[in-house]
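Survey of secondary and tertiary structure
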Amino acid sequence: QVLLVESGGVLVQAGDSLRLSCAASGRTFSSYAMGWFRQAPGKEREFVAAISRRGSSTHYTDSVKGRFTISRDNAKNMVYLQMNSLKPEDTAVYYCAADRGVVLTATPALYDYWGQGTQVTVSS
């Protein structure tokens, strides 16, 4: 089992940068692909980014390409989401998730473990 704890969510202004962190428990962290999702009030949870087990492959939703970067440090059991040029529409609760599958996926139902989320609010 993997326990995930997100941190770093705060209130920022449009155009600011922010880095989210996700700490994972367990000695098998490198066996999981990791993803970031977000959910805004009244909306479904949506995919943001994913990274492969060793960090060699990444995948982003179109709306964050060029602005967000996902990375991981397997030695520290950490995954990060660097968010630049933030927009008000990026406001949401951000979740990290772990997937035992081999292929990177944007489908929430295919992820096995989830954190509790961290709130990011971007003011205009």
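Now for a description of the structure that goes with this document.

Cut-offs and rules
Residues numbered from 1 in each chain as written. Predicted model: local features only at pLDDT ≥ 70, side-chain atom pairs only at ≥ 80, totals over all residues. Heavy atoms only, no water. Helix = DSSP H or I, 4+ residues; strand = E, 2+ residues; numbered from the N terminus. Buried < 20%, exposed > 50% of the residue type's maximum accessible area, 1.4 Å probe, protein only. Lys, Arg positive; Asp, Glu negative; His and termini not counted. Salt bridge = Lys/Arg side-chain N within 4 Å of Asp/Glu carboxyl O. Polar contact = N/O pair within 3.5 Å; in protein donor to acceptor, adjacent residues only side chain to side chain. Contact = heavy atoms within 4.5 Å. Disulfide = S-S within 2.5 Å. Phe/Tyr/Trp six-rings, centres within 6.5 Å; stacked < 30°, edge-to-face > 60°. Lys NZ or Arg CZ within 6 Å of the ring centre and 35° of its normal.

**A closer look at the side chain of Arg72**
Within the secondary structure, Arg72 sits in strand E7 (residues 68–73). Put simply, Arg72 is tucked away with no salt bridge, and the nearest opposite charge, on Asp73, sits 8.3 Å away. Reaching out from Arg72, the side chain makes a polar contact with the backbone oxygen of Ser52 at a distance of 2.8 Å. Not counting residues within four places of it along the chain, the set of residues in contact with Arg72 comprises Phe29, Ser30, Tyr32, Ala33, Met34, Ile51, Ser52, Arg53, Arg54, Gly55, Met78 and Val79.

**Things to note about the state of the cysteines**
This structure, assessed with the given rule, holds 1 disulfide. Disulfide pairing is shown between Cys22 and Cys96; the S-S distance is 1.9 Å. Judged by the sign of its S-S torsion, about 45 degrees, the bond between Cys22 and Cys96 is right-handed. Here Cys22 is found in strand E3 (residues 18–24), whereas its partner Cys96 is found in strand E9 (residues 92–99), with 74 residues between them in sequence. The residues Cys22 and Cys96 share a single accessibility class, namely buried.

**Overview of the packing of aromatic side chains**
Tallying each qualifying case throughout the model produces 6 aromatic pairs. Between the aromatic rings of Tyr32 and Tyr113, the centroid separation amounts to 6.0 Å while the plane-to-plane angle is 70 degrees, which identifies the pairing as edge-to-face. Remark: Tyr113 occurs in strand E10 (residues 113–114) and Tyr32 occurs in the loop between E3 and strand E4 (33–39); sequence separation between them is 81 residues. Consider the rings of Tyr95 and Trp114, whose centres lie 6.5 Å apart with planes at 75 degrees: the pair is edge-to-face. One end of the pair, Tyr95, is in strand E9; the other, Trp114, is in strand E10, and 19 residues separate them in sequence. The class for Tyr95 is buried, based on a relative accessible area of 12%. You can call Trp114 partly exposed: its relative accessible area is 25%. Each member of the aromatic cluster is reached from another via a ring pair, and the members are Phe37, Phe47, Tyr95, Tyr111 and Trp114. Lying across the ring of Phe29, Arg72 places its NZ or CZ 4.4 Å from the centre.

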